[in-house]
Amino acid sequence: MGFADNPIITSPFDKPNWHFELDNDGQPTGAKLAGRRESVQVVPVAASRRRSNLQGSLALDDTTGGSRVTTNALVNEIRTHVDQWRALPPSQWGVTPETQRLLLHWRDEDRTRKLFFCQREAVETLIYLTEVAPGRFKRQIEDANAEANPGLYRLASKMATGSGKTTVMAMIIAWHAVNKARRSGSKLFSNAFLIIAPGITIRERLRVLMPEAPDNLYEALNIVPTDMMDGVRKARVVITNYHAFMLRETEQVSKLNRRILGGRDGEKKFTETEGQMIARVAPELMGRKGVIVLNDEAHHCYRHKVGGDEEVLSAEDRREAEQNEKAARVWIGGVEAFDRKIGVRAVYDVSATPFFLRGSGYPEGTLFPWVVSDFGLLDAIESGIVKVPRLPVLDDSIQGDLPKFRNVYEHVKTSLPKKGRGKQAKALMDPQKLDSLLLSAIDALYRHYEKTFAAWKREPELGRPPVFIVVCNNTATSKLVHDWIAGYEVTEGEGEAKQSRKVPGALRLFSNIDDNGREIGRRRTLLIDSEQLDSGDALSDDFRKIAAREIEDFKNDLRRRGDGRDLEKLTDADILREAMNTVGRPGKLGADIRCVVSVSMLTEGWDANTVTHIMGVRAFGTQLLCEQVVGRGLRRVSYEVDPATGHFPVEYCDVLGVPFTFAQQGANVAPKAPPRVTRVRAMDDRVQWAIRFPNVEGYRIVFPRKPLKAVFTKDSALVLSPDNIPMRTEVEPFIGEGFTLDLREHADKLRLKSVIFDVAGFLLREKFRDADGNLEVWRYPELVRITENWFAQYLKPIGGFRPEFLKWRSLAIMAVEKIHRALAASIPAPPDGSEEHGLKLPILNPYNPEGFSQNIDFNTSKTTLFDTRDGKCHLNFIVADQDWEAGFATQLAAIPEVIAYVKNHNLGFEVPYEHQGETRRYRPDYIVRVDDGAPEPLNLVVEIKGLRDGRDAAKADTMAKLWIPAVNNAKVHGRWDFLEFKDIPYDVEARIRAFVRTRMAA
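Within each chain, residue numbers correspond to sequence positions counted from 1 in written order. For a predicted model such as this one, the threshold for reporting local features is a pLDDT of at least 70, and the threshold for listing and counting side-chain atom pairs is 80 or more; totals across whole chains, interfaces and linings nevertheless cover every residue. Values shown for side chains rest on all heavy atoms present in the structure; no hydrogens or waters enter the calculation.

**Comments concerning the overall build of the chain**
Formally: Segments assigned H or I by DSSP are reported as helices when at least four residues long, segments assigned E as strands when at least two residues long, and all are numbered from the N terminus. When accessible area is computed with a 1.4 Å probe and restricted to protein chains, residues below 20% of their type maximum are described as buried, those above 50% as exposed, and intermediate ones as partly exposed. With residues, only the protein chains shown are counted as cover, and all accessible areas are computed by Shrake-Rupley using a 1.4 Å probe.
Counting its secondary structure elements, the chain contains 27 helices and 36 strands. With 1002 residues in all, the chain has 55% of them scored as buried. Surface summary for the chain: the accessible area is close to 44900 Å², and the carbon and sulfur share equals 49%.

**Comments concerning the pattern of salt bridges**
Here is the rule we go by: A carboxyl oxygen of Asp or Glu within 4 Å of a side-chain nitrogen of Lys or Arg is what we treat as a salt bridge.
Tallying each qualifying case throughout the model produces 44 salt bridges. With its nearest N and O atoms 2.7 Å apart, the salt bridge here joins R101 to D227. One end of the pair, R101, is in helix α2 (residues 97–106); the other, D227, is in the loop between α7 (217–220) and α8 (229–233), and 126 residues separate them in sequence. The closest approach of N and O atoms between K165 and E297, which form a salt bridge, is 3.5 Å.

**Some details on the pairing of strand β35 (residues 938–944)**
Our working definition: In this analysis, strands are considered paired if DSSP registers two or more bridges between them.
Burial of β35 is extensive: seven of the seven residues sit out of reach of the surface. Note: β35 against strand β36 (residues 975–981), seven bridges, orientation parallel. Bridged to E943 within β36 is E980.

**Section: the nonpolar core**
Note the threshold: For the purposes of this section, nonpolar cores are sets of buried Ala, Val, Leu, Ile, Met, Phe, Trp, Tyr and Cys residues that join through side-chain atoms within 4.5 Å. The contact rule is simple, with two residues in contact once any of their heavy atoms fall within 4.5 Å.
Judged by nonpolar contacts, the single largest core of 103 residues is most densely connected at W106, L209 and I223. With ten residues, helix α5 (residues 165–182) is the largest single contributor of residues to this core. In contact with I223, other than residues within four places in its own chain, are L102, H105, W106, R111, L115, T167, A170, M171, A174, L217 and Y218. Judged by nonpolar contacts, the second largest core, of 88 residues, contains V759, F801, A815 and I992.

**A short note on the sheet that holds strand β8 (residues 291–296)**
Basically, it comes down to this: To get an axis, fit a line to the C-alpha atoms, keeping to the stretch in contact for a helix; angles then go from 0 to 180 degrees between the N-to-C directions.
Read across the sheet, six strands follow the order β7-β6-β8-β9-β5-β10 without closing on themselves; strand pairing throughout is parallel. Bordering the open sheet on either side are β7 (236–241) and β10 (371–375), each of which pairs with just one other strand. On average, each strand axis in the sheet is inclined to that of its neighbour by 15°, with strand direction left out of account. Bridge count between strand β6 (residues 192–197) and β8: four bridges; the pairing is parallel. Within the sheet, the bridge partner assigned to I196 lies in β8 and is N295. Each of β5 (154–159), β9 (344–351) and β10 is contacted by helix α3 (residues 117–132), which is oriented at about 165° to β10, the strand it contacts most. Strands β5, β6, β7, β8 and β9 of the sheet are contacted by α5, whose axis makes an angle of about 160° with β9.

**Observations regarding the packing of aromatic side chains**
Inclusion rule: Two aromatic rings from Phe, Tyr or Trp, using only the six-membered ring of Trp, form a pair when their centres are within 6.5 Å; if the ring planes differ by under 30 degrees the pair is stacked, by over 60 it is edge-to-face, and anything between is tilted.
According to the stated counting rule, one finds 33 aromatic pairs in the structure shown. Between Y242 and W331 the ring centres are 5.1 Å apart and the planes differ by 15°, which places this aromatic pair in the stacked class. Placement of Y242 in the loop between β7 and α9 (255–262) and of W331 in helix α11 (residues 315–341) is noted, with a sequence separation of 89 residues between them. The same class applies to Y242 as to W331, namely buried. Aromatic side chains F703 and F768 sit 5.0 Å apart centroid to centroid with 35° between the ring planes, which places their arrangement in the tilted category.

**Things to note about the confidence of the model for the chain**
Definition in use: pLDDT is a residue-level measure of predictor confidence that goes from 0 to 100.
Averaged over every residue, the pLDDT of the chain is 80; the share at 70 or more is 80%. Across the chain, the secondary-structure element scoring lowest on mean pLDDT is strand β23 (residues 728–731), at 53, and the one scoring highest is α3, at 96. Here residues 662–670 scores under 50 on pLDDT; set against residues more than four positions off or in separate chains, the count is 24 contacts. In this model residues 830–835 is a low-confidence stretch, pLDDT under 50, and it forms seven contacts with partners more than four residues away in sequence or in other chains.

**Things to note about helix α15 (residues 475–486)**
Using the following cut-off: Given a helix with a known number of residues, its expected span is that number minus one, times 1.5 Å. Pairs of N or O atoms within 3.5 Å make up the polar contacts considered here, provided that, within protein, one atom can donate a hydrogen while the other can accept it, and that residues adjacent in sequence are counted only when both atoms are side-chain atoms.
Over its twelve residues, α15 runs 16 Å from end to end, which matches the ideal 16 Å to within 8%, given 1.5 Å per residue. Counting buried positions along α15 yields eleven of twelve residues, so the element is predominantly enclosed. T475, A476, T477, S478, L480, V481, H482, D483, W484, I485 and A486 are the residues of α15 that are buried. With a side-chain oxygen positioned 3.1 Å from the backbone nitrogen of A476, the residue opening α15 is N474.

**Points about the sheet that holds strand β18 (residues 652–656)**
In a beta sheet, neighbouring strands pair by backbone hydrogen bonds and run either parallel or antiparallel. In space, the six strands of this open sheet follow the order β11-β18-β17-β12-β16-β15, with parallel pairing throughout. A strand with exactly one partner marks an edge of an open sheet, and here the two such strands are β11 (388–390) and β15 (525–528). Strand after strand, the sheet turns through a mean of 20° between neighbouring axes, direction not considered. By the bridge criterion, three bridges tie β11 to β18 in an arrangement that is parallel. Within β18, the position partnered with V388 by the bridge is Y652. Helix-sheet contacts for helix α14 (residues 436–457) involve β11, β12 (467–472), β17 (611–617) and β18, and the interaxial angle to β17 is about 175°.

**Looking at unusual backbone geometry**
Of note, the phi angle at N222 is positive, near 55°, even though the residue is not glycine. The phi angle at N906 is positive, at roughly 65°, despite the residue not being glycine. Judged by its relative accessible area of 40%, N906 is partly exposed.

**Describing the packing of α14 against α15**
Going by this rule: For classification, angles of less than 35 degrees are called roughly parallel, those exceeding 145 degrees roughly antiparallel, those between 65 and 115 degrees roughly perpendicular, and all remaining angles oblique. The sense of a crossing depends on the near helix, which, turned anticlockwise from the far helix by less than a right angle, makes the crossing left-handed and, turned clockwise, makes it right-handed. For this scheme, ten residues count as nonpolar: Ala, Val, Leu, Ile, Met, Phe, Trp, Tyr, Cys and Pro. Four count as charged, namely Asp, Glu, Lys and Arg, and the remainder, Gly too, count as polar.
Running from N to C, α14 and α15 cross one another at 50°; their axes reach a closest spacing of 12 Å. Here α14 lies oblique to α15, going by the angle between them. The interaxial crossing formed by α14 with α15 has right-handed handedness. Every residue of α15 that contacts α14 at L438, L439, I442 and D443 is listed here: V481, W484 and I485. In terms of residue class, the contact of α14 with α15 is made up of six nonpolar, no polar and one charged.

**Quick word on the environment of V972**
Looking at where V972 falls in the secondary structure, it is placed in the loop between α26 (950–970) and β36. Taking the C-alpha atoms as reference, V972 lies 9.3 Å from P694; in sequence the two are 278 residues apart.

**Quick look at the side chain of D374**
Note that D374 resides in strand β10. Only 2.7 Å separates the side chain of D374 from the side chain of S39, close enough to count as a polar contact. Apart from the residues within four sequence positions on either side, D374 is in contact with R36, S39, V40, N72, V75, R79, E121, K158 and D379.

**Focus on α5**
Taking 1.5 Å per residue as the helical rise, α5 with its 18 residues ought to reach 26 Å, and the 26 Å between its terminal C-alpha atoms agrees with that figure. Within α5, 16 of the 18 residues are buried, leaving the element largely enclosed by the surrounding structure.

**What about the environment of N6?**
The residue N6 is located in the segment before β1 (18–22) in this model. On the basis of relative accessible area, N6 is assigned to the partly exposed category, the value being 30%. A C-alpha to C-alpha distance of 9.8 Å links N6 and G30, two positions 24 residues apart in sequence.

**So, the environment of C873**
Locating C873 in the fold gives a position in the loop between β29 (865–867) and β30 (877–879). The sequence separation of C873 and K903 amounts to 30 residues, and the corresponding C-alpha distance is 9.1 Å. The residues touching C873, leaving out its near neighbours within four places in the chain, are R686, W689, T868, I878 and Y901.

**Let's talk about the packing of α2 against α5**
At a minimum axis separation of 9 Å, α2 and α5 run at an interaxial angle of 145°. In this structure, the crossing between α2 and α5 has a hand that is right-handed. Residues E98, T99, L102 and W106 of α2 form the contact with α5, whose participating residues are M171, A174, W175, V178, N179 and R182. Residues that form the contact of α2 with α5 fall into these classes: six nonpolar, two polar and two charged.

Shown next as structure tokens:
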């Protein structure tokens, strides 16, 4: 299967194990190669003059005619070391315990929302360079920073749009904050963060990085274990846009008075100092040292290259270069001011395009030399993280190097306004006079959009339309294009005969005016540019009336954030910006928007995963701008893995007018609607079936002051083999003599008895302390006896593995887990509640001690749903991962003894357990409340398991021996028990009744 037919060839959650071969032009050949592609940088230069059906306007050759692809040497070298480090056992990572736990948490296979490999790799690289090998690449990175970031230590992670950069920023903050909270004296970490965005839109989107935000990512995406959230909450996070660094006037004084007050010294300045600017922008960080700066899309942040060659530019390109240079000065100047006044520990860039812009003194598109990790657009497409852009590759014209719809602006630029509409005569602002090539290109893309719209409409529960965006060169063009698409008002006649009428838009699905000339209350097309936001007639009264509920929800959201504005006097600009920010989100102001027309603000950070069509009406001199604009359409609609392939299904975004040279036109397939989205929520009229549960974070076991007894079972066995630690390794050079490492020779020199003593001592230190934290040393002799018994009967070394290797901590932890669970099982259940017989008690989450089914409200694109309208479930649907899970729910509803039930999907019910030295989270399948004849109903935790492995045994062991008795001993969470189905339950009713009868008899 060729590239165009199936671009997704590797899993998004694992290190890429396949990649497509590229030819000298940087284009896929269709050949699929094993392994991961090295990091390469395609350098954009002048357009090729030779017609080619493969090459776009941006040739990928250098001026010498040499290699067309530049290798990112530093990234590749660092990547090699990080790969080797990542493969080590956790005990050899060389990081703090807090960092180790976060790393294990992020790669946990049981996570409800797995993190992408590229997200983990970006943070792992920073961790490696900071904690593991801080000196290995320091000189190279400092040299890379010396010219463009003098005095700053700056690292960049290159990540394709749609690959989850905001999540990576949350992971970075969590890593630093958790470590700083638990080792306050460390100079490696910080709990003060300055997040800098390129604009207001992105700044507002990044509010999810505030730990106190109700929808913060740390909890929403389970970025940190619950017991570590206190460290994140101690962090001070400030989010701003770089424009805030501009020094403001402290006094409004006329120019004449400034001259008078300045006297001989010239005009007196009333500009705030750097210290005043910092106090205004980030008062929360005053007094903190070692700030971590996070730059979102930081291609506007650098110092101009000293002596850099200046390009010969057109007037339009020169204006753009001057704007870039001004933005860069303000951004980097602000960071440097914070460094001078407070101190900046490190600067982290997280960007899809960490390149120098035109006007920087560097060749445009040059990769920042401080980039240390790279997961580019091609990698993201091959792993299915983003949509695949489809572009024109051939038309029937004879002249030109490209299909005309591939680079529309080049053909129509002379007919478009050269300035913003504020400087245009109104008589010239006639949308019907737009170039016919431009209008035909928009219309052609719209005809394809109609098919996509119809396909989505056939899914009535989807609740949102596909989105078509147009990116223009200036505000005059954007206004003309908007009016042609969505309709406009025209004034005819003069004097008393003067009258106005509204003209419907040329594209029916996008028109804001109906065929009778009346404005449609709920807008379909949105114009967003600086002049539209500043105009006083942006919104009609009809719009405000029809969108009243969404506007009120927006105000309530601002109140929750503590917004300082007068919320009863929100401007049109405020409402329009919120509409744009919420395009494609059901129930929000932008929910019904089908088309967005804008200028450059769409090139950076705007989020909407429903974009299916993009029209470019501006200059695209480099791959950088192409990738920024096309990036607005790359976010996937669905993140459900296809069980047949283990990959994401392919999604496309169709693009005209953007001379993007990455991928060719895909197969000519009919537009495919995204999966149906269903809202799953708790129903207010079913509150009698609500289920509550304790949020247990750990267990406290009080062993009786009498001899310990171990209840060993088959789950107490530990099988160790060379898979855990290789016993024999052959080492060979490319040429020369090799040798063999044989660890058995070392093990044979150890005394097994001394290893048993070591494991027993470790068990004592980890698990046996009194209420004051003192070791119960008097237990050591019997722990030695119990440990010796476990070694003799339950340690199973195979393949030549030596039991003496349990002297190593990572293996000793596994032994301690097994022995401790066996000891815990000796405490009677149910106990009499006295310490004489021992006691197990739960440790609850201090911030959220109880979970509740009432809190469930989420959207899912899964199709295996069970409608619970027959009763006994608080939710409207049960989401089933497999067909038999839906069948299980069907049978539960029919069992008389069942009072209520809920599936543990987005419920938040987790059980902490230990396996192979790691603390993990187990999410049982169901909670079922049953009548077992007792005065109080029984809450039954149900797990349904087919094939069972060692981890499943640890889960069941923990539930039966720790969680259930601990929760019941607390006597405040009701009665609980655990039932495990070890095969697919075809006889649910009989087995639950048998379980209930057994309890009733007891």
